[in-house]
Each structure stands twice: as C-alpha cells, then as structure tokens.
Amino acid sequence: MSDLSFSIGPLRFPNPVVLASGTAGYGYELEPYIDLDLLGGFITKGIYPAPRAGNPSPRVYETPSGMLNAIGLQGIGMVRFRDEVLPFWERYKPPLGINVAGECPEDYARVVEYLDSHPRIDFYEINLSCPNVQTGGRSPSWFPEETKRILSTLRPLTKRPLIAKLSPHARSVEEIAFAAQEAGADGVSLINTFIGLAVDLKSRRPMLHNLFGGVSGPAVKPMALAMVYKVFQRVSLPILGMGGIVSGRDLLEFIVAGASGVQIGTATIVDPQAPLRILREASELLPSLGCDSLGELRGSLKPYR
Amino acid sequence: MTGNNFSSKMETMDKKGYTPLEIVGKREWREDFFSLFFHSPLLTSSLRSGHFLMVRDPDAPTLLSRPFSMGRLFHDEGVFELFFQVVGKGTESMARKRVGDTLSVLGPLGNPFPLEKPGRILLIAGGRGISPFLSALPVLAESKRDYSLLYGAKTARTLLFRPFLADFPVSYRTDDGSFGQRGLVVDGLSQEVDLVFACGPEKMLERVALFYKDLPTEVYLSLEERMGCGTGICYGCARKVRTDRGVEMVRVCEEGPVFEASRVVWDE
C-alpha cells in the first residue's frame, strides 16, 4: 500500500486531496454525496467577521474548458460559522482548514482570534487573493508588503499552521511566496482564480452581474503548474497546488512540479464525487510510476534532456 | 490511515451521485424544443413536480452540468421525460443525442411543489414552464383534487403537449390568439383558488406574485437562476429571499427552486 500522506508543519494530511475554499460550501452540503472521512482535508468558504450577502446573480458562467464565478464571498460570518458549522465537523476526521477573509488586516485578525480556541480547527488558509470583490480584483497577494503585513499580524495570534492563498496576478508569485515565508507562513496555496470577463454579444452586457469573475477549471492548469514549479524552486514551504485538476494524472503532475498536496475546486462543482475519483485514480497510478509514496514524486521534474 | 485503503465501492456507499442513463426515446418538437426519455425506475418513482435534475454529457466539450425540471413520468415503464429548449451550448449538445446514447444524471434535487396542501389549486405555466406540471396533473387527477391548469405560450406552435393535456382541465392562452384566448396568462388569473403553483418566465412569476399579494391564496413559484453545481456547494444560483433573519441571498438549487411567492424579493 503506497503512502499518500503529506505534512504541513506538524499537521499530517492522510492524502493529497483537499477540497478548495468556495467550491465545497461549509462541508455539510457534500454529506449526501461523499464520505467526508475519505478526504485528505477540507477548506471552508471564506469566513469574514460579519455575514456577507455576496454579489447579485448571475454569479457563474461557463467558459471554454472552465468557468467564471463572482460569488462575492457570500458567507454566514464567524459567529454563525462557529455555532452552526464547527459542531458538524466534530463527526469527521480530515484536517479542517478555515479560509480567513477580510478587507483589512484587522478583519483577518478578528476571525482568527474569535475561532482559535475551538479544538476542531486544524489550520488557517489566509485568503489574500479573492478576485471577486468590487475592487476589480486587486488583492493583497499582488504585493509582498501587504502579504507580509497581514501574515505578521496573524502569526502571533495562533499556533496552528497558516497557509497563504496566493493570486496568479502578482508580478512574481514566487516573490510573494517568499514574503509569506518570511512573515511566518507554514505553507502556500496557489493559485486562486484568474480575473476574467465574459461578454453577451446580443445585449453587449457582461455575463456576470459583477462584470469580472474568477476563471477556474482545466483552462488554467498549465499556468498553475508553472507557478507551482516556480514557487517550489524559490521557497522551502509546502505547497498546496491547484488549478484545473480533474483527474489522478493532473494531481500527480502537480506533485511532480513541487506541490505537497493539491486542492480540488471546479471538478467538485462539476461532480461532487470527483474528488474521491481523482484520489482513487492517483493512488492507482502512483505504483505504475515506480513510486511507493507521494514524497518520492514531489518536485521530481527533470530537465527536458 | 493511508489515503488509499478504500475500494471504489466505498466512495458511493449510501451516497447519491451522477448516474449514466441511457436515452430510450427522443422527440423533436417545434422551435428547438426537445424531449429525451430515460429509463430509471428509481428516479421515475422518486421525482416529484418541482424537483430538478442536473444533466451532463460526458462527451460534450462543455464542463458544467445543466439543471432541468423533468416532464412526464411513465410509472409503468419506469421512464421519465426531460423536456427542454435549445438555448446554448449545453442544450445544443443534448439535442444532438440519439436513442442509445447516455447522459449523466443527478437527482432528484431541490424542493418540489407542495401539491398535498389542501384547497382548490390553480397551476400556471408559461412557455417551457409547462414542464413540472406534466407530472403534477396526473397526481392531482388521481387524488380527485379541485384543480385546473392555465397554460400560455407565444403562439399555438409552441403550446406543446396538447394531446396529453386533453385529459385534464386546461385553459389555454396565446400572445397572438392563435390558440385559446388571446393574451397573457397573467390576464387570466382567478381569485377563487386557495393554492397557486407557477412556473415560467420571471416577468410572469412576478406578476402572478403581485396579483395574489393581498389575497389569502398561497402562491408557490418555481424560480430559475444560472447554476454552477446544483448541489448547494458553489452558491452560484443565489437570489434575494425573505428568511427568518431578514432578506438573504438564498440558493435556488438547495432552498428552492420552489419558493413561497411572499418570500421572493423582486429586483426593482
């Protein structure tokens, strides 16, 4: 039996399939479709201090080999999250990550301070990169200083791992990852969605009410792989790679490029059972590559010749 | 525990998932309307008027599934109908499917119309909004309810299913007067009913809600919104609804698609 586990700091993930924030609800929505105990990990929808209505609909649109979304971080806020969602997760084992969102460093700090005493939380993913809010996509992880400022604010507030979720739009994603490492992050997740636009030619209006949305799905996979590889070369932090993973092959390609684990997003929206299919495919494929563990495959990309 | 000590059987045990279903029949109507028929005794017996299904063509270049209300239910054969109009790439690829091909289907999803509520019932269908009522009508007839259907379309050519509907109390309206009374369904609403179930274009639903606003009639509407997942995880299909907490963005796929009209907030 091959070893599919990996670790971020002291936290061990039983397998590399982690469900990505915003594409799996709070978790209980998936209970009718999959045994959540088989997942490598789960990351919640972004949690703000206060509830948020999100954007008006339409919020989603299919694009070539992908989709565009502008949910706008609709959420129940940290108080209801603690009271209503965290008790649900006490019935399941996988590492639970809280995606922490905010409009200023104080927002992020309030969420971590409020939730950190809860024993079910395993790690925080700091959303430095949601492209769907009104700013036209500007996000802290475009800038090393802003990335550092938020992470340094949070670092003293918790002993649990902090994972910085990065935007693909920074001038240099590896520079941002390095800044995150310097500020005390335990890992990085990349990539968040690309800013995109879809046009309805008939009405000459955008397909999404919000105008811009985030592009995800197989269309972004080559760019995501390139960024994972560059960040792997630059920093020593574990990487949760994501961007268009829909098969076991895709998953293992991210590991070869340097990811420790991966996140599945759009594939779960397409089919709620896809994450477990991807895991099974990867575990069946791994021995055929001559590997007993994911660790042997990690960062093993060779020069062309 | 290592991650791979499970069988593929464990993945789906007691869990609901997409199922490949064979197309056992196809009917091409006019004006880009199609019906596909699927054999599934399980789905046919569990689907209720107002439920929806997510449908995906694994061979199509499209990625996301599309939501559909089901049409007629043929209980003796274990066959259900999917009635749709070609409006984009997803429905285009479905319309090209033939008998013997398969599509991936997930359902039943959402909350159905509460047909069991007591009282006189008026069903209101606009255009392809007839779909959920094709399964409701036999249920209401069987249980000897006091009910009728008001069915409107642009023209006689798109007023479909008339032979099937001949067995039920239906009044027809067309915009151009080519069949039934001339005019919109919203011009034919009756106050003399206790329950209204409506499905059709947004403008029609809004006018139905407005008509019954100050009357004791309970009104339920089947709403549409562009969907991502259909399973409640992506929050892509949310719209404004009054809840115990005030006005919230609520998912059409999970909390709907059938909503009490008095709770729906209409955009200015």
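Our structure is the block above this text.
The present account deals with the structure reproduced in this document. (Residues numbered from 1 in each chain as written. Chains lettered and ligands numbered in written order. Predicted model: local features only at pLDDT ≥ 70, side-chain atom pairs only at ≥ 80, totals over all residues. Heavy atoms only, no water.)

## Quick look at the overall build of chain B
Turning to step 1, where the next piece is worked out: Secondary structure assignment for chain B yields six helices and 15 strands.
Turning to step 2, where the next piece is worked out: Summarising its shape, the C-alpha atoms of chain B cover approximately 65 × 45 × 35 Å along the three principal directions.
Turning to step 3, where the next piece is worked out: In chain B, which comprises 268 residues, the proportion classed as buried is 54%.
Turning to step 4, where the next piece is worked out: Considering only contacts in chain B between residues 6 or more positions apart, those separated by 24 or more positions represent 59%.
Turning to step 5, where the next piece is worked out: In chain B, 34 side chains carry a positive charge and 35 a negative one; their mean positions are 3 Å apart. (Helix = DSSP H or I, 4+ residues; strand = E, 2+ residues; numbered from the N terminus. Buried < 20%, exposed > 50% of the residue type's maximum accessible area, 1.4 Å probe, protein only. Contact = heavy atoms within 4.5 Å. Lys, Arg positive; Asp, Glu negative; His and termini not counted. Charge placed at Lys NZ, Arg CZ, Asp CG, Glu CD.)

## Things to note about the sheet that holds strand β1 (residues 19-28) of chain B
All names here are of chain B.
Turning to step 1, where the next piece is worked out: One closed barrel holds the six strands; their spatial order is β1-β2-β5-β4-β3-β6, and the pairing between them is antiparallel. Direction aside, the axes of adjacent strands within the sheet are offset by 45° on average.
Turning to step 2, where the next piece is worked out: Relative to the sheet, helix α4 (residues 133-142) contacts β4 (66-74) and β5 (79-85), its axis offset from that of β4 by approximately 35°. (Pairing = 2+ DSSP bridges. Axes fitted to C-alpha atoms, helices over the stretch in contact; angles between N-to-C directions.)

## Things to note about the nonpolar core
Turning to step 1, where the next piece is worked out: Counting residues in hydrophobic clusters, the biggest one holds 94 residues, and the most contacted among them are Ile98(A), Ile126(A), Val188(A) and Leu190(A).
Turning to step 2, where the next piece is worked out: Of all the elements, helix α1 (residues 77-89) of chain A adds the most residues to this core, at six residues.
Turning to step 3, where the next piece is worked out: Setting aside residues no more than four positions away along its own chain, Ile98(A) makes contact with Thr44(A), Ile47(A), Phe81(A), Leu86(A), Leu115(A), Ile121(A), Phe123(A), Tyr124(A) and Glu125(A).
Turning to step 4, where the next piece is worked out: Counting 33 residues, the second-largest nonpolar core is a separate cluster that includes Leu106(B), Met227(B), Val264(B) and Trp266(B). (Core = buried A, V, L, I, M, F, W, Y, C linked by side-chain atoms within 4.5 Å.)

## Focus: the layout of surface pockets
Turning to step 1, where the next piece is worked out: Counted as a void, the second largest pocket has a volume near 370 Å³.
Turning to step 2, where the next piece is worked out: As for the second largest pocket, its lining consists of 19 residues, and the residues nearest its centre are Gln74(A), Ile76(A), Arg80(A), Glu248(B) and Met249(B).
Turning to step 3, where the next piece is worked out: Looking at the lining of the second largest pocket, the elements with two or more residues in it are α1 of chain A together with β14 (246-251) of chain B.
Turning to step 4, where the next piece is worked out: Counted by class, the lining of the second largest pocket contains nine nonpolar, three polar and seven charged residues. (1 Å grid on protein atoms, 1.4 Å probe; cavity = no way out; pocket = protein on both sides within 12 Å on 5 of 7 lines; lining within 4 Å. Points joined across faces, edges and corners; volume = space filled by probe spheres on them. Nonpolar A, V, L, I, M, F, W, Y, C, P; charged D, E, K, R; others polar.)

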